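Each chain is listed here by its residues.
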Amino acid sequence: MTEQGPQLTALLGVIDRPQAAALEAALAGRSLSVDEAMPLVDAEGVALHALAMTADVLRQRQVGDVVTYVVNRNINFTNICIKHCGFCAFSRLHRSEEGYFLDTEEIVRRATEAHALGATEVCIQAGLPPGLDGDHYIDLCRALKAALPSIHIHAFSPEEVIYGALRSRRPIAEYLVRLREAGLDSLPGTSAEILDDAIREVIAKGRISTQQWVEVITTAHKLGIRTTSTMMYGHIESGADQLRHMAVLRSIQEETGGFTEFVPLSFVYAETPMHLRQSAPGLRRGPSANEIIRTHALARVFLGASFRNIQASWVKDGLKLGQWLLSCGVNDLGGTLINESISTSAGAGHGQFVGPAALRRAIRGAGRIPAERSTLYELRKVFERPEDEVEGPLDRIDDADGAFGTYRALTRSSEHRFIMPRRRRGADSERAEEV
Ligand code: SF4
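Please read these numbers as outputs of a predicted model, since none were measured by experiment.

Colleague: Is there a simple way to think about the overall build of the protein in this case?
Modeller: Scanning the protein for helices and strands turns up 20 helices and 10 strands. A compact globule built from 435 residues would reach a C-alpha radius of gyration of about 22 Å, and the protein, at 21 Å, matches this within 12%. A principal-axis box enclosing the C-alpha atoms of the protein has dimensions of 70 × 50 × 40 Å. Per-residue burial for the protein yields a buried fraction of 50% across its 435 residues. Taking contacts inside the protein between residues at least 6 apart in sequence as the whole, the part at least 24 apart equals 78%.

Structure, rendered in structure tokens:
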């Protein structure tokens, strides 16, 4: 067991007693109740240092000094969506001149290109286009696995799973089984935002409910399909709301053990409809740096033994802050991504691609040991010493936007323009549109 060290002991002696009591309980290996952890949601100054140091001790005990990343490619295959989430700058209405739709052939091409460059995972999420064939997600998995049997398909948010199930008129469990049989390997635990219906009503009216999100996730876990878990924070929610959100995730994890990781996702506000229209009272402009540190550290402290992996998102927070978060409870830097549309369209400025060597440099610069992992956190290669590292083909990409394309280019090009299904597929899809 890692000792907490004299600095942390000293800090625990000077901060507010309820905060110190919570951190001491966590260091003693106890799972904190929401009430016990509540004083930590406001931790600032010395208390924030104590929280981050506690998270670092717990991280070290739980997972040691290895920090992981995955080589993957994101494919957001359409920006057309029937929903109007206030935090989403990515989606377009189906009549928009900026609407695109990548067909299955193009998705397989992108996955094949990434696989040849070393990617082990494709992460596929998109808008909900009107008239989508209910079997589209299933056919897509089948085509990908036929072309690339070893690629890990990490795809479809709970929102998309429900959309596919609705469109194909099948229960969620049956739809998930069909996805798995077609080759789906795991689900992203996105579309969670904050699992509180009153908050969801303000930031994303019409979004799936908390109960629906939990149903998709727990059903997937019971079927043996692992998922990630996420939280979008820094908008209208409070620290207490964040804590209650994590409590929902923890109770699911204690029941199913199906989450691979937890990823706090900073709200990127600049281009979002709810910022531009001022439609959400009390809307913040994303979290401060202190809040980002506090949230990651609190995740390690509060989620406790049930969650091994806390990820920092370089897309949201940048690689430099991501590197610092490795000292605040984090043990994973996510993926190479290659293409990124959601945060980019909302105004994030951290790019869409970071190569494996750059991720390893950030990890080693934080005094930790880099390792490439699979989506499910099996270690593929641990780079104990710098001499173990060899540059791969992805590291030699100088101009990722030129090599792989961008969201902006997709919205401007006529090559992958979205066409309503009735024109694309004829009468069958027209009937499906009634769903
Ligand atoms: S978040 Fe997803 S469901 Fe909501 S508008 Fe954007 S693409 Fe559509």
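Don't stop here, the text continues.
Colleague: Just to check I follow, could you spell out the environment of Leu-184 for this structure?
Modeller: Relative to the elements of secondary structure, Leu-184 occurs in the loop between α8 (172-182) and β5 (186-187). Ignoring sequence-local partners within four residues, the contact set of Leu-184 consists of Cys-141, Ile-153, Ala-155 and Leu-179.

Colleague: I'm lost on the site of the ligand in this one. Help?
Modeller: In the region of the ligand, the neighbouring residues are Cys-81, Lys-83, His-84, Cys-85, Cys-88, Phe-90, Ser-91, Gly-127, Leu-128 and Glu-159. Looking at the shell around the ligand residue by residue, the class counts come to 5 nonpolar, 3 polar and 2 charged.

Colleague: Explain the domain arrangement of the protein to me, please; I cannot follow it from the model alone.
Modeller: Quoted interface sizes are often the accessible area lost when the parts come together. On domain assignment, one finds that the protein holds domain 1 (5-59) and domain 2 (65-76 + 114-125 + 153-406). One C-alpha centre belongs to domain 1, the other to domain 2, and the line joining them spans 26 Å. Facing 19 residues of domain 1, the contacting portion of domain 2 comprises 19 residues. When residues of the side of domain 1 that touches domain 2 are traced back to their parent elements, those giving at least two are α3 (34-37) and α4 (45-63).

Colleague: Sorry if this is basic, but what is going on with unusual backbone geometry here?
Modeller: Note: most peptide bonds trans; most residues except glycine with negative phi. Unlike most non-glycine residues, Leu-337 shows phi in positive territory, near 65 degrees. Take Leu-337: it is sitting in the loop between β8 (332-335) and α15 (342-346). The exposure class of Leu-337 is buried, given the 24 C-beta atoms found within 10 Å. We note that Tyr-377 has phi near 70 degrees; this positive angle belongs to a residue other than glycine.

Colleague: When you look at the pairing of strand β10 (residues 379-382) in this model, what are you seeing that I'm missing?
Modeller: Successive side chains on a regular strand alternate, one facing one side of the sheet and the next facing the other. Note that strand β9 (residues 369-373) and β10 share 3 bridges and pair antiparallel. By the bridge assignment for β10, Arg-373 is matched with Leu-379.

Colleague: Even after reading the chapter, I still don't get the environment of Gly-5, so can you show me in this structure?
Modeller: When you line up the elements, Gly-5 lands in helix α1 (residues 5-14). Residue classification places Gly-5 among the exposed residues on the basis of 12 C-beta atoms within 10 Å.

Colleague: Quick question: what am I supposed to make of the nonpolar core here?
Modeller: A general trend in soluble globular proteins is that nonpolar side chains are found buried together. Counting residues in hydrophobic clusters, the biggest one holds 122 residues, and the most contacted among them are Leu-51, Val-122, Val-301 and Phe-302. The leading source of residues in this core is α4, at 9 residues. Two domains share this core, each providing at least three of its residues, namely domain 1 (5-59) and domain 2 (65-76 + 114-125 + 153-406). With residues near it in sequence (within four places) discarded, Val-122 still touches Asn-72, Arg-73, Ile-75, Ala-111, Ala-114, Leu-144, Ile-151, Ile-153 and His-154.

Colleague: Just to check I follow, could you spell out the sheet that holds β10 for this structure?
Modeller: If you walk across this open sheet you meet the 4 strands as β8-β1-β9-β10, and the pairing is mixed. The open sheet has two free edges, formed respectively by β8 and β10, since each of these has just one partner strand. Put simply, the sheet's adjacent strands are angled 25 degrees from each other on average, direction ignored. In this structure, strand β1 (residues 66-70) lies alongside β8, joined through 2 bridges in parallel fashion. Within β8, the residue paired with Val-70 across the bridge is Gly-335.

Colleague: Can you help me understand the packing of helix α11 (residues 239-256) against helix α13 (residues 289-303) in this one?
Modeller: How two helices pack is summed up by the angle between their axes together with the distance between the axes. Between α11 and α13, the least distance of the axes is 11 Å, while the angle of their chain directions is 40 degrees. In terms of orientation, α11 and α13 fall into the oblique class. Read as a crossing pair, α11 and α13 show a hand that is right-handed. From α11, Gln-242, Leu-243, Met-246 and Arg-250 reach across to α13, where they touch Thr-295, Ala-299, Phe-302 and Leu-303. Looking at the contact of α11 with α13 residue by residue, the class counts come to 5 nonpolar, 2 polar and 1 charged.

Colleague: Would you mind showing me how to read the confidence of the model for the protein here?
Modeller: Reading fine detail from the predicted coordinates is not recommended where pLDDT is low. Mean pLDDT over the protein stands at 94; residues scoring 70 or higher make up 96%. pLDDT under 50 marks residues 426-435. Its contacts with residues more than four places away, or in other chains, come to 16 contacts.

Colleague: Quick question: what am I supposed to make of α8 here?
Modeller: The α-helix advances 3.6 residues per turn, and as a result positions three or four apart in sequence lie on the same side. By the burial criterion, the buried members of α8 are Tyr-175, Leu-176 and Leu-179. The arc enclosing the buried residues of α8, seen along the axis, measures out at 100 degrees, which places them on a common side. For α8, exposure combined with an orientation more than 90 degrees from the buried face picks out Glu-174 and Glu-181. Tucked into the core, α8 has its buried residues touching α6 (136-147), α7 (158-167) and α10 (210-222). Trailing α8 by a residue or two, Gly-183 shows a phi angle of about 125 degrees, which is positive.

Colleague: Could you clarify how one ought to interpret the packing of α7 against α8 in this entry?
Modeller: Running from N to C, α7 and α8 point in directions that differ by 100 degrees, and their axes come no closer than 9 Å. In terms of axis orientation, α7 runs roughly perpendicular to α8. Facing Val-161, Ile-162, Gly-164 and Ala-165 of α7, the residues of α8 in contact are Ile-172, Tyr-175 and Leu-176. Taken together, the residues of the contact of α7 with α8 sort by class into 6 nonpolar, 1 polar and no charged.

Definitions and cut-offs
- Residues numbered from 1 in each chain as written.
- Predicted model: local features only at pLDDT ≥ 70, side-chain atom pairs only at ≥ 80, totals over all residues.
- Helix = DSSP H or I, 4+ residues; strand = E, 2+ residues; numbered from the N terminus.
- Rg over C-alpha atoms; globule rule 2.2 N^0.38 Å.
- Buried ≥ 20, exposed ≤ 12 C-beta atoms within 10 Å, placed from the backbone.
- Contact = placed C-beta atoms within 7 Å.
- Near = placed C-beta within 6 Å.
- Nonpolar A, V, L, I, M, F, W, Y, C, P; charged D, E, K, R; others polar.
- Domains from an automatic or database assignment.
- Pairing = 2+ DSSP bridges.
- Core = buried A, V, L, I, M, F, W, Y, C linked by C-beta atoms within 7 Å.
- Axes fitted to C-alpha atoms, helices over the stretch in contact; angles between N-to-C directions.
- Parallel < 35°, antiparallel > 145°, perpendicular 65-115°, else oblique.
- Left-handed = near helix turned anticlockwise from the far one by under 90°.
- pLDDT = per-residue confidence, 0-100.
- Arc of directions from axis to C-beta.

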